[in-house]
Amino acid sequence: MGNGVGLLRRGGGTDVVQRIDTAEDIGPDKDASSGSKSPIASSSVSPKGTATLEARLRQLEVLVEQQAQQLHGWESSMAVVRRDSRRIVTVAQYNILASYLGKNTQPWFLYGAEITCEQRAAVFKKFGERDANGKPANAWPKYAEGILTPAQILEVNRRDEDFKWPSRKVRLVDQIRQLDADVLSLVELDEKEYFHQCLLDEWDMVFHKRPRAASLDGCGVFWRRSKFSLLAQHAIDFVDGSDDKGRLQRDRSCLMVLLQWRYTSAPPLVVVSTHLAKDPEDRSQTAVRVRQVTQIVEALTEFTALHSVSEAPVVLCGDLNAKHFGEIRGIARTVWQMTGSQLHKFLWCASDVPTGNTSITKARQCRIDAVQYLSGQMEVIEVRDVPRLPHGEVIPSAEHPSDHFPVVVKFQMKDAYQTHRELGRAWLECVAGQEKVHPLTQADLRSAFEFFDRDKSNSIHRHDLEEACCDLQCGNFFSDIQQVLLDCFPEQEISYENFIRAYEIRMNHERIRSIGELEKAFQFFAGGRRTIPLRQLEEAFREITPISFSDAEVKEMIRRLDLPLGVEEVDLHSFCEVVCRASFPHRDRRPFSPAALAEQDTWGQPLGRQSTKDLGAKLMHLSELNSSRGFSSSSPCRNPSTWSTNALSPPSKFDSDKSICGLSTEESLGLPMPPRSPSPMTLIRQLNGKVAHCPTVE
């Protein structure tokens, strides 16, 4: 083998040099199996040689460690590239419980003291007392004395160990690293420099502090540096109202960022991080949270328009402090639809990632942390399970360092063609189907039209529809839907204008998938009653609309209800109908102008369009044919080829109370009319204001 090489063996904390015999040590004068050594081969390594070998070994160890780190970096980069090729992103929302708020002595914790709801309420009352200068009048344990026993106070102090920041912050960083999120929203973040330094090896971040001086925390958005780069950021401080001196009240905030993918040409990703007003159990705070949501959506509209990314995917992460997310969205939708303003489609089309309870304390067990997204642009492929605690256990604890669990979701971005195809299907389902659908924006409808307009002739013909329907795999529609649909339009082709008109005719409040949110809004306004007095509704609008709204705008919102003279209340059905009818989300946004509104009918269309009624009746035929399935060729109502011009024409009298297109299903199909009750709006007119007897849609 030639010259030998010494081998260092480490043991007992001391480096020991052990000489290894080489091939030259075994020769004619030495028996390899014997213990005797040749005098020539008995020399030992000198101290200088030992030091040289030790230094060389340390150099090799450092080099191996550097190469291992480099290989790990390459593996991580390759994993990012593989994920990015499929445009996959993992998003996490985490309320980390700010260091200055994380004390067991806070009234919402008090772990170790088994107290009743009445006792906790009494502690909260003393905790909230203020002195003449507006500062807290009672510190711990003063606000608990007389309510908790001395033994309970001692137990609360003992259980504070799980809240200690020096150990808790380390566990938080470990928890965040285990999430392995590409995008991370941290709220109640006060020690931002600590987290920035701990996560600097992989993540970049931006931060915005809450506006109130006494509040040290805020919202932070982190993103994996190898996956995204920052294009833009924007922060707002919510205006919650004004005090008796006219000073604006600000407490919470919102941070939004625009992230560009590094290794794919996918559209940028808009990420919104927020923390809404406290106390999910306090219904009076719902109005504050709604006002904050309206400001988020308005800011999102302006932010995406400014950077020309109105159609980019959006993810909203936050501690919403609300038990019913749909209620907040529904009330906010009511505000903006009644103003006729065009806002970002996130308000209408956002989907919520389902999880279990995200906050488990002695005071509450509920889901208040959310990740919401646009399902038309993103697809959920994994939702991490939220831990389920044994009965009676609470957080934070030795295992869970916050009073909130993180919400972690893995998304896959949809490509442009997939998005256009789904928009095309949504239009077809709205016009020819019976299913509930999300409202489409102006850009959505343009994309849907382009999906059907295969030859780019600015008009949809028979061959366009056949190819598009084949692409859509229209299993829910009958086989000859292309021809029957074209028969509804002049010259058997669909222009863009008629494409929009058909959508508007068929999209009524009963077809909107998120109508349940408006029903929750009605319940909030009505306070458990079956009807809402207009005076009460106007007061509620003033409470929830952004503070920038003028009295004239609020009164115009009420005017848009378009109730008959003398009617002073509105029921659920009429409320949902008029709110949905007030504006379409695809309309261009326009400044408030009563004069401009007077020039339009309730649908925003020019008045006197007789052909709209004809188109509505024909589309109702089409919807009924599609829903019937299994229609026979012998029935003139089932066989499209036997339709005549007269059969497709609506009756001459148009009653706007019957349906969106003016006809009931039976009338439009020429079938016998079953007895039916008049609509709520008709009853209101008939009763001349005696709405107490109006039927209510439950």
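Residues numbered from 1 in each chain as written. Predicted model: local features only at pLDDT ≥ 70, side-chain atom pairs only at ≥ 80, totals over all residues. Heavy atoms only, no water.

Asks: Could you give an account of the overall build of the chain, naming the residues involved and the relevant values?
Replies: When helices and strands are counted, the chain shows 22 helices and 20 strands. Counting all 698 residues of the chain, 49% fall into the buried class. For the chain, restricting intrachain contacts to residue pairs at least 6 apart in sequence, the fraction spanning at least 24 positions comes to 71%. Surface accessibility of the chain: about 33,600 Å² in total, with carbon and sulfur atoms responsible for 51%. (Helix = DSSP H or I, 4+ residues; strand = E, 2+ residues; numbered from the N terminus. Buried < 20%, exposed > 50% of the residue type's maximum accessible area, 1.4 Å probe, protein only. Contact = heavy atoms within 4.5 Å. Areas by Shrake-Rupley, 256 points an atom, 1.4 Å probe, with all protein chains shown as cover.)

Asks: Describe the sheet that holds strand 16 (residues 407-413), listing the residues and the values that go with them.
Replies: On the basis of which strands lie adjacent, the open sheet formed by six strands has the order 5-6-4-3-16-15 and mixed pairing. In the strand order of this sheet, the two ends are held by strand 5 (203-209) and strand 15 (378-383), each with one partner. Averaged over all pairs of adjacent strands, the angle between strand axes in this sheet comes to 20°, irrespective of strand direction. Sheet topology note: the strand 4 (residues 183-189)/strand 6 (residues 218-224) ladder contains six bridges and is antiparallel. Each bridged residue has a counterpart across the sheet, and for Val 183 the counterpart in strand 6 is Trp 223. (Pairing = 2+ DSSP bridges. Axes fitted to C-alpha atoms, helices over the stretch in contact; angles between N-to-C directions.)

Asks: Residues and numbers for the packing of aromatic side chains, please.
Replies: In this structure the tally under the stated criterion is 20 aromatic pairs. Between Phe 127 and Tyr 143 the ring centres are 5.1 Å apart and the planes differ by 80°, which places this aromatic pair in the edge-to-face class. Of the two residues, Phe 127 sits in helix 2 (residues 117-127) while Tyr 143 sits in the loop between helix 2 and helix 3 (150-158), which places them 16 residues apart along the sequence. For Phe 127, a relative accessible area of 25% corresponds to the partly exposed category. (Phe/Tyr/Trp six-rings, centres within 6.5 Å; stacked < 30°, edge-to-face > 60°.)

Asks: Explain the layout of surface pockets residue by residue, including any values.
Replies: The space that makes up the largest pocket amounts to roughly 1,500 Å³. If you list the elements that add at least two residues to the lining of the largest pocket, you get helix 2, strand 8 (248-261) and helix 6 (284-306). Residues belonging to the lining of the largest pocket are distributed by class as follows: 16 nonpolar, 13 polar and 16 charged. (1 Å grid on protein atoms, 1.4 Å probe; cavity = no way out; pocket = protein on both sides within 12 Å on 5 of 7 lines; lining within 4 Å. Points joined across faces, edges and corners; volume = space filled by probe spheres on them. Nonpolar A, V, L, I, M, F, W, Y, C, P; charged D, E, K, R; others polar.)

Asks: Can you break down helix 6 residue by residue, with the values?
Replies: The end-to-end C-alpha distance of helix 6, which contains 23 residues, comes to 34 Å, matching closely the 33 Å that a straight helix rising 1.5 Å per residue would cover. Of all 23 residues that make up helix 6, 17 are buried, and the element is covered over most of its length. Immediately beyond the C-terminal end of helix 6, within one or two residues, lies Ser 308, with a positive phi of roughly 55°. (Expected span 1.5 Å × (residues − 1).)

Asks: Would you mind going over the sheet that holds strand 10 (residues 314-319) in detail, with residue names and values included?
Replies: Ordered in space as 7-8-9-10-14-11, the six strands form an open sheet in which the pairing is mixed. The sheet terminates laterally at strand 7 (228-242) and strand 11 (350-352), the two strands that pair on one side only. Taken pair by pair, the neighbouring strands of this sheet meet at an average axis angle of 20°, ignoring direction. Pairing of strand 9 (residues 269-275) with strand 10 involves six bridges; the strand directions are parallel. Residue pairing across strands places His 275 opposite Asp 319, the latter belonging to strand 10. Set on the sheet, helix 6 makes contact with strand 7, strand 8, strand 9 and strand 10; between it and strand 7 the angle comes to about 145°.

Asks: Could you give me a rundown of the pairing of strand 3 (residues 88-95), with the residues and numbers involved?
Replies: When you tally the buried positions in strand 3, you get eight out of eight residues, the bulk of the element. Across the two faces of strand 3 the burial is the same, with Ile 88, Thr 90, Ala 92 and Tyr 94 and Val 89, Val 91, Gln 93 and Asn 95 all buried. Pairing of strand 3 with strand 16 involves six bridges; the strand directions are antiparallel. Bridging across to strand 16, Gln 93 finds its partner in Val 407.

Asks: Describe the pattern of salt bridges, naming the residues involved and giving the relevant values.
Replies: Under the criterion given, the structure shown has 26 salt bridges. Across the salt bridge formed by Arg 329 and Glu 517, the nearest N and O atoms sit 2.6 Å from each other. Taken together, the residues Arg 329 in helix 7 (residues 325-339) and Glu 517 in helix 14 (residues 515-526) connect sequence positions 188 residues apart. Assessed through its relative accessible area of 11%, Glu 517 is described here as buried. Of the charged contacts, one joins Arg 454 and Asp 471 as a salt bridge, the two residues approaching to 3.3 Å between their closest N and O atoms. Here the residue Arg 454 occupies a position in the loop between helix 10 (442-452) and strand 17 (459-460), and Asp 471 occupies one in helix 11 (residues 462-472), the gap between them amounting to 17 residues. On the accessibility criterion, Asp 471 (21% relative accessible area) is partly exposed. Connected through shared salt-bridge partners, Arg 210, Arg 212, Asp 217, Asp 251 and Arg 252 make up one network. (Salt bridge = Lys/Arg side-chain N within 4 Å of Asp/Glu carboxyl O.)

Asks: Quick rundown of the packing of helix 9 (residues 416-432) against helix 11? Include the residues and the values.
Replies: Where helix 9 meets helix 11, the closest approach of the two axes is 10 Å, and the angle between their N-to-C directions is 105°. Classified by the angle their axes make, helix 9 and helix 11 are roughly perpendicular. Contacts from Tyr 417, Arg 421, Gly 424, Arg 425 and Leu 428 in helix 9 reach Cys 469, Asp 471 and Leu 472 in helix 11. Broken down by class, the residue content of the contact of helix 9 with helix 11 amounts to four nonpolar, one polar and three charged. (Parallel < 35°, antiparallel > 145°, perpendicular 65-115°, else oblique.)

Asks: How would you sum up the confidence of the model for the chain? Please name residues and give values.
Replies: On average, residues of the chain carry a pLDDT of 78, and 75% of them reach 70 or more. Within the model, pLDDT remains below 50 along residues 1-42, and this stretch shows 36 contacts once partners closer than five positions in the same chain are excluded. (pLDDT = per-residue confidence, 0-100.)

Asks: Let's hear about the nonpolar core: which residues, and what values?
Replies: Core analysis: the biggest nonpolar cluster contains 60 residues, and Val 272, Phe 525, Ile 544 and Phe 575 have the highest contact counts within it. For this core, the element with the most residues is helix 6, which contributes eight residues. With near-sequence residues (within four places) excluded, Ile 544 lies in contact with Ala 287, Val 290, Arg 291, Thr 294, Ile 331, Val 335, Phe 524 and Phe 525. Grouped together as the second largest cluster of nonpolar side chains are 39 residues, Ile 481, Phe 499, Leu 619 and Leu 625 included. (Core = buried A, V, L, I, M, F, W, Y, C linked by side-chain atoms within 4.5 Å.)

Asks: A description of the packing of helix 10 against helix 13 (residues 496-506) should follow, citing residues and the corresponding values.
Replies: Between helix 10 and helix 13, the shortest axis-to-axis distance is 11 Å and the interhelical angle comes to 120°. Between helix 10 and helix 13, the crossing angle belongs to the class labelled oblique. Along this stretch, helix 10 crosses helix 13, giving a crossing that reads as right-handed. Here helix 10 contributes Gln 442, Leu 445, Arg 446, Ala 448, Phe 449 and Phe 452 to the contact with helix 13, which in turn contributes Tyr 496, Phe 499, Ile 500 and Tyr 503. (Left-handed = near helix turned anticlockwise from the far one by under 90°.)

Asks: Give a description of empty space enclosed by the protein that names residues and reports values.
Replies: In the structure shown here, the tally under the stated rule is three cavities of 30 Å³ or more. Here the largest cavity is characterised by a volume of approximately 150 Å³. Lining of the largest cavity is provided by 13 residues; of these, Val 293, Leu 316, Arg 329, Phe 346 and Gln 372 occupy positions nearest its centre. Broken down by secondary-structure element, the contributors of at least two residues to the lining of the largest cavity are helix 6, helix 7 and helix 8 (346-349). Residue composition of the lining of the largest cavity, grouped by class: 10 nonpolar, two polar and one charged.

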